[in-house]
Every structure is written in C-alpha cells, then in structure tokens.
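Now for the letters of each chain:
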Amino acid sequence: AGSLDALPLDPRQNEEMLLTAAQSFFALTMLVDGKFTIWEALAQAILFCASMFLPDTAMRLLFCGIYIASGLGILAFNSKARRGMISAIAYAFRK
C-alpha cells in the first residue's frame, strides 16, 4: 500500500505552480462571460510572453500578483463575468 504524501517540489516548482494557477484564474475570469475579446487575448499573450522572458523569482511572484489582481478586477467591474464565475462554481459543486 502507498501513502498520501505530497509530491515533493523545489522552490522554483512551487513558484511555477502558483504562476500557472494565477494564469488559469485570469484566463477563467476572461472566459466566463461567454466572450473573449482581442484585448483580452492580447493581455493574456503579453503577460504570458513577458513572464517567459523574466524568469527570476521576484518577477514570477510579481506576475502572479498581476494575474490575480487583473482577474479580481474583471470580476469586480464586469457583472456578466461575475455571474458567469458564480454559475461555474455552483456547477462544479452540484451533486
């Protein structure tokens, strides 16, 4: 029998997991309103490319903050995105 231990990750891998989660949150907030504009696509592409070329720890954490703040901003100012996110969360937890 095995055990339920966590997968051991080094600090860089932890940062990359956080960055990936932040990118996913940002992308989801852009998609839940049912449309994906050229400006949203450009924002996602520019942030993603910039994060690839600035790979040190401080920059990865800065990009995490930018992604999360941007996603929260979308939810705060776009009522359709907010309703879509609530609907998506509710759907995920239905029995």
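Data block above holds the structure.
Reading the values: the criteria
- Residues numbered from 1 in each chain as written.
- Predicted model: local features only at pLDDT ≥ 70, side-chain atom pairs only at ≥ 80, totals over all residues.
- Heavy atoms only, no water.
- Salt bridge = Lys/Arg side-chain N within 4 Å of Asp/Glu carboxyl O.
- Helix = DSSP H or I, 4+ residues; strand = E, 2+ residues; numbered from the N terminus.
- Buried < 20%, exposed > 50% of the residue type's maximum accessible area, 1.4 Å probe, protein only.
- Phe/Tyr/Trp six-rings, centres within 6.5 Å; stacked < 30°, edge-to-face > 60°.

**Topic: the pattern of salt bridges**
1) Next: Applying the stated criterion to the full structure yields three salt bridges.
2) Next: Residue Glu16 is joined to Arg12 by a salt bridge in which the shortest nitrogen-to-oxygen separation is 3.7 Å. Residue Glu16 and its partner Arg12 are both found in helix α1 (residues 11–31); the two are separated by four residues, about one turn of the helix.
3) Next: On the accessibility criterion, Arg12 (44% relative accessible area) is partly exposed.
4) Next: Accessibility expressed as a relative area gives 28% for Glu16, which makes it partly exposed.
5) Next: Through salt bridges with shared partners, one network takes in Arg12, Glu15, Glu16 and Arg60.

**Points about the packing of aromatic side chains**
1) Next: Scanning the entire structure with this criterion turns up one aromatic pair.
2) Next: On the numbers, 5.6 Å between centres and 55° between planes, the contact of Phe26 with Tyr67 is tilted. Residue Phe26 is located in helix α1, and its partner Tyr67 is located in helix α3 (residues 57–77); the two are separated by 41 residues in the primary sequence. Accessibility assignment for this pair places Phe26 and Tyr67 in one class, buried.

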